Each structure stands twice: as structure tokens, then as C-alpha cells.
Amino acid sequence: MIGLIAITMAGRAAAARLAAAWPAETRTYDGPARQALQRAWTQCDGLVCFLAVGATTRLIAPLLDSKWFDPAVVCVDEPGRYAVALVGGHAAGANALCARVADVLGAQAIVTTATDATGLPGLDTLGWPAEGAIAQVSRALLDGEPVGFTADETWPLPPLPVTVGEAGLHRIVVTDRIVPVDENTVVLRPPSLAAGIGASRGVSAEEVLALLDEALAVGGLSRGSVAALATVEAKAGEEGIVEAARAGGWPLHAYPAGQLAEIDVPNPGEAALAAVGTPSVAEAAALARGDVLVVPKRKSAMATVALARIHPRGRLALVGLGPGDRDLVTPRAIEELRRASVVVGLDQYLDQVRDVLRPGTRVLGSGLGEEERRASTAVTQARQGHAVALVGSGDAGVYAMASPALAIAGTDIDVVGVPGVTAGLAAAALLGAPLGHDHAIISLSDLHTPWEVIERRIRAAAEGDFVVVFYNPRSADRDWQLGAALEILAGHRPPGTPAGVVRDAFRDGQRVLLTTLAELDPAAVDMRSVVIVGAASTRMVAGRMITPRGYKWHPS
Ligand code: SAH
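Every value quoted in this text rests on a predicted model; they were computed, and no experiment measured them.

Trainee: Got a minute to help me understand helix α4 (residues 94-105) in this structure?
Mentor: Residues that lie three or four places apart on an α-helix share one face, since the helix turns once every 3.6 residues. Here α4 contains 12 residues, and its C-alpha end-to-end distance of 16 Å stays within 8% of the 16 Å for a straight helix at 1.5 Å per residue. Of the positions making up α4, those classed as buried are Ala-94, Asn-95, Leu-97, Cys-98, Val-101, Ala-102 and Leu-105. All buried residues of α4 lie within an arc of 160 degrees about the axis, which places them on one face of the element. Downstream of α4 by a residue or two, Gly-106 has a phi angle that is positive, lying close to 70 degrees.

Spelled out as C-alpha cells, the structure:
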């Protein structure tokens, strides 16, 4: 029985939701918390207290005996955001109860016991099937014992704890092969096999799966590594194949007959050519999804199966860190930084996020002006199969590292872009809403772009009446460009046009200056600043710079 203890209105409402979800399992205890808890303690094997952790701890303290006899205790906070497994995590099942409570209430489950909280540290994020001594190896990892690690190929794994290496009593083996395991070994199954499937109309899912298992057995391969089924388009709706894919939880890829017909296979057949227009379905489809055939075509009465191995591809995440403040780094950027085993970037940006990186992450920092080396380091690491994050401030694709990296990246790696809040957006948000209508972003750095080109673009923006955002506006060595740029704009818009300078947006020492085109003093601007100059319609309203969207109903 699960006892529900609530004293506030919100607590009672949440308790009622649990009672409604699990009517046969729950009992609600009313009255003062202390008495209710004492009664529930002796009558229940699990308690859910809609009370603060502190209050619950004080109430249960005199009742605690041992983890073998005490009930599981879960606390839920007043707004129902968190469910906390307080005592009895393993022995009494509080961790499991906590997860169930969180599910029903839409709360976040907080579990702090070591193994439940971490599993195989880092590796759990992959979602790969694991077999063998999971508890023992997890324990060894948590205790900081050396754990051996071998993999058939380099997979883009998250960082492994620093104690994971060549040797150790406990081992992690990454392979799709059936290998002998002992009581100290975990086998992780990478998604490395593509199963090509052909079938006659009316084949059963059982027949497909039985033949697939036979092919796996012949190849000495594990079902846990099957990443996908593949077939010809004409068979994409064949019930037995669809059902087999569903049963295994595999995606089903279908390829046009013409594409399959072009793939070289060891065992082409006339029958398939006549039926679906390609001499091979199983082998060709396996090779369309995978890279090398490892089990040639096998046949049963109505099905054919072949297996190909999919080589791992490295992963390059291009991650924008935003303008500065931590809460302007997107949660996805943080997730990608923790997913990567190699993080590449400018030292000063890496310093901003070092604390979120997992132990064991290789950090390859470099100084200003080494853009090409950073880009090539990141791509080379990804080519070697690693999970790499290349970071940049703002957005990694805006005057930053994404384009030099992608310019030298091939089709052999996966690329993931994580957008960031740019300096331009950050500055605009501080100034008001200057980007409410068409705008142009122009870098005034003539290190990589000839000044004539920059000047032509400024002129075009001036003539086109664009709001203009200037990046890299002024440095010690480049001190005249901003003045020249403002002069060009001044030839096309009135001196009173609103303009803003934002230095160190969303960083310590942030400075926001609102002024006009005529009064903007370039001396107030440096490389840590963004300058925004309004268009004809831009105005100041209540001390804020706004560019109207121009809707007819807009009060002018
Ligand atoms: N990738 C970055 C831009 C890098 S270029 C982005 O998307 O924002 C470097 C220029 O960006 C600087 O010279 C400056 O003009 C601007 N900049 C970057 N961060 C800034 C900040 N926090 N405040 C003001 N300007 C910033």
C-alpha cells in the first residue's frame, strides 16, 4: 500500500491525482502531518509526502529503523515540479516509486543513489543495448577502479571516465559480434548492422524474424546491433516486413529498385529482377544502408535476408554558446557539449563552459587567430570517428568557425548544428526592438575582406534603407573603418537617426549606449561591441530604439 500524506491544498490536489491513477494501491492519510505520517509508516510500504524534504526528514527521523524495514519515502514539492526519492531507494523501492510518481504528476524524478543515478557513466546516453555484468561494471566505474575498454571500431562515444582504458579486471567491450563474456564484462551493442530483407507477398513476420536470427547466428552477430531493416520500395508495405521491423523496434528503409539494381552484389537473381526490377533485394538493400556485406543472402520459403555492416561515422557538432551569460546558452548546446568526447575552440570560450564538460573530455583549446587550425583539428578528430564539439560565441555559423570547418568536411562525418544567440540579437534585445524590419549585418573587419567590398555592401544597405548591424566594428589597428561606414550611412539618412552601441552584451561590464547617427562617437566603440544604426522608420519610444514592422494598423 502507498500512503499519501498532504496538508496543503496543492498537495491534496496532487495526492488526489495519484489516488485516481492508482485507486487499488493508495490510501490517503488526513489530519496533522505528524500523526498522519506515523499511522502511514506502520501500514504502508511506500509513502508519498507532499511536504518539503526538510519537513519530511524531521517527521520521519524518529521513525527510521533500517533500510530493510522502513517504507520507501518520496517527497513532492508544493508546485509539483520535483519528486524526490528520500529514503529506501533500492531496498524499499523509493527510486522506482519516485519515477512512477513523477510520471503521473509530470514532475522531474530526483534520484540520488549512485547506480540508479548514473548507470554506466556517460555510456547510458547512447541508448545502446548493454549485456552482461552491468551492475558490477557500473560499480567499478563509480568506485574509480580501472576498467578495460575495447571496441571493434572507433564510435563517436561520449567521454569515458578517466579510469577507463586499456586494462582492468572489469571490461567494456563494444562489438556486434557474439563474444565470450565473463562475470566482469559488459558488452555494448553498437548500431552497426543493416539487414536487407526480400520477401514474397504474404510472408509472415515470424518467418522474416526467424531468417534474420539465422543470418545473425551464421555471422556470429548480435541482434542488439541491428540498426535498421532495408528493402525495395515495392515491398515497403509488405505486412510481414513492416511487422518484423515494428517487433524489433527498427526503422525500415525502402530504396527504389533502380538504385538497388546499380549495387554490385555477389548473388544476383533472375526472379527478383522479373518481380521487382532489381536482380537483388536483400543484398543490395543491406548494402544501400550499410557499407560491407557480412552475411550473404539466405533464403527461406518466402523471405531472403542479407546483413551488411555499417561503419561508424564521426560526429561534428557546431555549437553556439551565445553572447556570454550562462542562461543564454541553450540547453541543447549544453547537451552537445556533454555528448562530445573532444571539444575544440578558442580558450576564452572554452573557459566559459569547462564546468559542464564531463570528466574525461579532451579539450583542445587554441588562441586567437588560429581559425584554420581549429577548424582542421575539429574535422580531423571527427574523421577519426570521435564525437567532436566545435564551439563559438554567439552562433558558431556567424563570423565564426562553422563555415571554415564545413568547407573542409566531407560526406564521411555527421554534422549537427546548434544555433546560438548572436551578438546582434543580444545587442538588439538590450536596445529595444531595432530589428523589427529588414536589416543587414556587416562585418567591418577588412582582414579577410577587401575594404572596397565592405564599402559596396554598406552603400547598398544605405541605399536600400536597411537597419545595419556592424560586427567587428573597431580595433586598435582598424580605427577608421567605422567612421567611414557611418559617413556613408549619413549620406542616406538623417543625422537624428537612432543608433546604439552595445559593449559586452550579457557579460560582466555590459554597456548600452543609445545615441544618433550624427552623435555616435567611434571612440566609444571597440572589438567587444556591436553597433546598430536605424533605418528611416526607426525611432525612439520611451527611451527604446524601435523599427516598426510597418503594419497598416501600427500607430505611427
Ligand atoms: N559568432 C559571433 C560573432 C563573432 S565575431 C556571434 O554570432 O555573435 C566577433 C564580434 O562579435 C565582435 O567583434 C563583436 O562585434 C561581436 N560580439 C561578440 N560577442 C559580443 C558581445 N557579447 N557583446 C557585443 N558584441 C559582441
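Trainee: What is the right way to look at the pattern of salt bridges in this model?
Mentor: For side chains of opposite charge, pairing can occur when their charged atoms come near one another. The tally for this structure, following the rule as stated, stands at 21 salt bridges. The closest approach of N and O atoms between Asp-77 and Arg-81, which form a salt bridge, is 3.2 Å. In this structure Asp-77 comes out as buried when scored by relative accessible area, which is 18%. A salt bridge links Arg-326 to Asp-355, with the shortest nitrogen-to-oxygen separation between them at 2.8 Å. Taken together, the residues span a long stretch of sequence, with Arg-326 in the loop between β17 (314-320) and α12 (331-339) and Asp-355 in the loop between α13 (347-353) and β19 (362-366) at a distance of 29 residues. Overall, Arg-326 belongs to the partly exposed group, its relative accessible area being 35%. Through salt bridges with shared partners, a single ionic network connects Arg-503, Asp-504, Arg-507, Asp-526 and Arg-528.

Trainee: Explanation requested: the site of the ligand in the structure shown.
Mentor: Not every one of the 20 residues close to the ligand is listed here, only the nearest: Asp-395, Val-398, Ala-423, Met-527 and Ser-529. Residue Pro-323 places a main-chain N or O atom 3.3 Å away from a nitrogen atom belonging to the ligand. Contact distances for the ligand include 3.3 Å between a nitrogen atom and a backbone N or O atom of Arg-528. Bound to the protein, the ligand loses 93% of the 540 Å² it would expose on its own. Of the residues assigned to the shell around the ligand, the class counts are 11 nonpolar, five polar and four charged.

Trainee: Could you clarify how one ought to interpret the pairing of strand β12 (residues 193-199) in this entry?
Mentor: Where a strand is regular, its side chains alternate between the two sheet faces. Most of β12 is tucked away, with seven of its seven residues classed as buried. Of the two faces of β12, the one holding Leu-193, Ala-195, Ile-197 and Ala-199 and the one holding Ala-194, Gly-196 and Gly-198 are both buried throughout. Across four bridges, β12 lies against strand β13 (residues 226-232) in parallel orientation. Pairing of Ala-194 across the sheet is with Ala-228, part of β13. Handedness of the β12-helix α7 (residues 205-219)-β13 crossover: right-handed. Relative to strand β16 (residues 303-309), β12 runs antiparallel, the two sharing seven bridges. Bridge pairing in β16 links Gly-198 to Thr-304.

Trainee: Quick question: what am I supposed to make of the nonpolar core here?
Mentor: Generally speaking, nonpolar side chains in soluble globular proteins are found buried as a group. If you look at the biggest cluster of nonpolar residues, it comprises 23 residues, and the most contacted ones within it are Ile-197, Leu-212, Leu-216, Leu-229 and Leu-307. Of all elements in the fold, only β12, α7, β13, α8 (239-248) and β16 reach the threshold of two or more residues within this core. Broken down by element, this core gets its largest block of residues, seven residues, from α7. The contact partners of Leu-212, leaving out residues within four places of it in the chain, are Ala-195, Leu-229, Trp-250, Val-305 and Leu-307. Counting 22 residues, the second largest nonpolar core, distinct from the first, contains Ala-440, Val-468, Leu-489 and Val-501.

Trainee: What exactly am I supposed to notice about the pairing of strand β3 (residues 46-50) here?
Mentor: Most of β3 sits inside the fold, with five of its five residues counted as buried. By the alternation rule, side chains of β3 split into Gly-46, Val-48 and Phe-50 and Leu-47 and Cys-49, which are all buried. Alignment of strand β1 (residues 2-6) against β3, held across five bridges, turns out to be parallel. Across the sheet, Ala-6 pairs through a bridge with Phe-50, a residue of β3. With four bridges connecting them, β3 and strand β4 (residues 72-76) associate as parallel partners. Note that in β4 the partner of Leu-47 across the bridge is Val-73. Regarding topology, helix α3 (residues 53-60) serves as the crossover connection from β3 to the parallel β4, and that connection is right-handed.

Trainee: Explanation requested: unusual backbone geometry in the structure shown.
Mentor: With the exception of glycine, most residues fall at negative phi, and the peptide bonds are largely trans. Positive phi is not limited to glycine here, since Tyr-399 has a value of about 45 degrees. Among the structural elements, Tyr-399 can be located in the loop between β20 (387-392) and α15 (402-408).

Cut-offs applied
Residues numbered from 1 in each chain as written. Predicted model: local features only at pLDDT ≥ 70, side-chain atom pairs only at ≥ 80, totals over all residues. Heavy atoms only, no water. Helix = DSSP H or I, 4+ residues; strand = E, 2+ residues; numbered from the N terminus. Expected span 1.5 Å × (residues − 1). Buried < 20%, exposed > 50% of the residue type's maximum accessible area, 1.4 Å probe, protein only. Arc of directions from axis to C-beta. Salt bridge = Lys/Arg side-chain N within 4 Å of Asp/Glu carboxyl O. Near = heavy atom within 4 Å. Polar contact = N/O pair within 3.5 Å; in protein donor to acceptor, adjacent residues only side chain to side chain. Areas by Shrake-Rupley, 256 points an atom, 1.4 Å probe, with all protein chains shown as cover. Nonpolar A, V, L, I, M, F, W, Y, C, P; charged D, E, K, R; others polar. Pairing = 2+ DSSP bridges. Right-handed = clockwise from strand over helix to strand, strands pointing away. Core = buried A, V, L, I, M, F, W, Y, C linked by side-chain atoms within 4.5 Å. Contact = heavy atoms within 4.5 Å.

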